[in-house]
Amino acid sequence: MSLWFVSAAILPDMVREATISETRQALLSSAVQAGFVVGALVVSISGMADRLDPRRVFAASAVSAALANLALLAVPVGSGPAIALRFATGALLAGVYPVGMKIIVGWGLRDRGFLVGLLVAALTLGSSMPYLAAFLGGADWRLTVIAASALAGLGGLVVLATGLGPHHARAARFEPSAIGLAWTDPAIRRAYLGYFGHMWELFAMWAWVGAAAAASFSFTMAPDAAASLAKLTAFLAIALGALACIPAGWAADRVGKAEVTILAMGASGLAALLTAASFGGPPALTMALVILWGIAVIPDSAQFSAIVADNAPPHLAGSLLTFQTAIGFALTIVTVQATPVAAQAFGWPLVLAAMAAGPFLGILAMWPLRRRRA
């Protein structure tokens, strides 16, 4: 998953090298979201992960995505072909995350919240890697592209050495009839709505928190120092969020999945507002708030899927999860694309504060599901 935010992590360095319009800057990130939506539907409708060994699907997808990312070095910076390669990378990553979820849930039944939380923790930590590579590599953005490609390729090959758990089985292929159940079953509908509120905030924050932090730090720091500290800030915010996913999954299996989502969304929404209020202030304060925001923004992610799986008929669970993921990531295409444009028009503080709307609406959706267990 180190490929996801490569363009966001290296964007300031690419902009210094070549003129890239704001629209194209946003497309370099939102194209990944769009590609993932398309790829997820293809994987589900084709039944690829069911007919083939999921470990081989995972490995082939990861290695192919790594090659697509590496090809960024061979095309003009910020060009149409570069955006097309980012779309292809997102489509191929649909063979990584959902297929990885299929593999990991085969290792348990009663601890589903913990298992999915563990996978989301891995996804989150991987997503932070390009920011660390960009921080360590300095202004040479090509080193970050190479490092992320190497990590993704090696990660895909390692999966070939894993086993399939005792509960591994064919997942349901996509069934259009599941769409109706997504809106007629109250628990599933509320889990969907909570997930959409979560996704409104998550990927916009992950993709653009480095740029927002750099803009804030530049009020009191030299531009180069501000950009460097912003890369480190983004890495720490996303990486530390990964650590929070594991205890959140453990707690969800014991105190309730809805309760965990409500607590996490409340904390992340508040952190978004506080980060907006600190914009342009002392860098240490803004950095600390961004890191707290990163820790709070992700632990609920796995539990929305777990709630859907708990309440869905077994033969429709795969279809309902695919539909949920597709809509959620389609929403992020809009938020990731619109965030830098809105920041240019209205300023980063207002945009950061607006991200809090998603989790607060998500809390309203999830509130009636408290103490409701499968």
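A few points on the structure. Every value quoted in this text rests on a predicted model; they were computed, and no experiment measured them.

1. Describing the overall build of the protein chain
- Scanning the protein chain from N- to C-terminus turns up 17 helices and 0 strands.
- Over its C-alpha trace the protein chain gives a radius of gyration of 19 Å, about what one expects of a compact globule, namely 21 Å for 374 residues.
- Each principal axis of the C-alpha distribution contributes one length, and for the protein chain these read about 55 × 40 × 30 Å.
- For the protein chain, the residues scored as buried account for 57% of the 374 residues in total.
- When contacts within the protein chain are restricted to residue pairs at least 6 apart in sequence, those whose partners lie at least 24 apart make up 85%.
- Here the protein chain has roughly 14500 Å² of accessible surface; of this, 72% comes from carbon and sulfur atoms.
- Looking at the protein chain, you have 21 positive and 15 negative side-chain charges, and the mean spots of the two groups are 7 Å apart.

2. Here we look at empty space enclosed by the protein
- Across all of its chains, the model carries 2 cavities of 30 Å³ or more by this definition.
- Quantified by volume, the largest cavity comes out at close to 80 Å³.
- Around the largest cavity sit Ser7, Ile10, Met14, Leu28, Leu72, Val75, Pro76, Val77, Gly78, Ala82, Arg86 and Trp141, which together line it.
- Put simply, the parts of the chain that give the lining of the largest cavity at least two residues each are α1 (6-17) and α5 (80-93).
- Per-element tally for the lining of the largest cavity: the top contributor is α1, with 3 residues.
- Looking at side-chain class alone, the lining of the largest cavity contains 9 nonpolar, 2 polar and 1 charged residues.
- Quantified by volume, the second largest cavity comes out at close to 50 Å³.

The rules we used
Residues numbered from 1 in each chain as written. Predicted model: local features only at pLDDT ≥ 70, side-chain atom pairs only at ≥ 80, totals over all residues. Heavy atoms only, no water. Helix = DSSP H or I, 4+ residues; strand = E, 2+ residues; numbered from the N terminus. Rg over C-alpha atoms; globule rule 2.2 N^0.38 Å. Buried < 20%, exposed > 50% of the residue type's maximum accessible area, 1.4 Å probe, protein only. Contact = heavy atoms within 4.5 Å. Areas by Shrake-Rupley, 256 points an atom, 1.4 Å probe, with all protein chains shown as cover. Lys, Arg positive; Asp, Glu negative; His and termini not counted. Charge placed at Lys NZ, Arg CZ, Asp CG, Glu CD. 1 Å grid on protein atoms, 1.4 Å probe; cavity = no way out; pocket = protein on both sides within 12 Å on 5 of 7 lines; lining within 4 Å. Points joined across faces, edges and corners; volume = space filled by probe spheres on them. Nonpolar A, V, L, I, M, F, W, Y, C, P; charged D, E, K, R; others polar.

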